[in-house]
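Below, each chain spelled out in residue letters.
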Amino acid sequence: MKLAQSMTHKAVSSGKLTAADVSRITFEAIRAQRFYIITHPKIMATVQMRLDDIANQTNPRDPFGMKESVRPDVSALQRQTPA
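Residues numbered from 1 in each chain as written. Predicted model: local features only at pLDDT ≥ 70, side-chain atom pairs only at ≥ 80, totals over all residues. Heavy atoms only, no water.

### Topic: the overall build of the protein chain
Part 1 of the argument: Check the secondary structure of the protein chain and you find four helices and zero strands.
Part 2 of the argument: A separation of at least 24 residues holds for 30% of the contacts in the protein chain among residues at least 6 apart in sequence.
Part 3 of the argument: Carbon and sulfur atoms make up 59% of the accessible area of the protein chain, which amounts to about 7,100 Å² in all. (Helix = DSSP H or I, 4+ residues; strand = E, 2+ residues; numbered from the N terminus. Contact = heavy atoms within 4.5 Å. Areas by Shrake-Rupley, 256 points an atom, 1.4 Å probe, with all protein chains shown as cover.)

### What about helix H2 (residues 19-31)?
Part 1 of the argument: In this model, H2 (13 residues) spans 18 Å end to end at C-alpha, consistent with the 18 Å of a helix rising 1.5 Å per residue.
Part 2 of the argument: Remark: Gln33 follows H2 within two positions and exhibits a positive phi of approximately 60°. (Expected span 1.5 Å × (residues − 1).)

### Topic: the packing of aromatic side chains
The geometry of an aromatic ring pair comes down to the distance between the two centres and the angle between the two planes.
Part 1 of the argument: All told, the structure shown has one aromatic pair when counted by the stated rule.
Part 2 of the argument: With a centroid separation of 4.9 Å and an interplanar angle of 85°, the aromatic rings of Phe35 and Tyr36 are classed as edge-to-face.
Part 3 of the argument: The exposed category is assigned to Phe35, whose relative accessible area is 71%.
Part 4 of the argument: For Tyr36, a relative accessible area of 65% gives the class exposed. (Phe/Tyr/Trp six-rings, centres within 6.5 Å; stacked < 30°, edge-to-face > 60°. Buried < 20%, exposed > 50% of the residue type's maximum accessible area, 1.4 Å probe, protein only.)

### A closer look at the confidence of the model for the protein chain
Part 1 of the argument: Across the protein chain, pLDDT averages 78, with 64% of residues at or above 70.
Part 2 of the argument: Looking over the protein chain, one finds the lowest element-wise mean pLDDT in helix H4 (residues 74-80), namely 55, and the highest in H2, namely 93. (pLDDT = per-residue confidence, 0-100.)

Structure below.
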């Protein structure tokens, strides 16, 4: 879990969206009366995977195992993550 938190923190801190971008996307979604606000559409594959795991009542799969492009350098992150 700490590894996932570290990876999420790294993704957010190096994010390409500014606060203004997130604000604009959020207000557009509210205007359109959309309940779910997706600021990063590429995450939808991992959202679907989690929904499938819930629906199938299976343990959650590793979302970073989906593609090499999103698979982190686990050894580097483990060195940064306090035990």
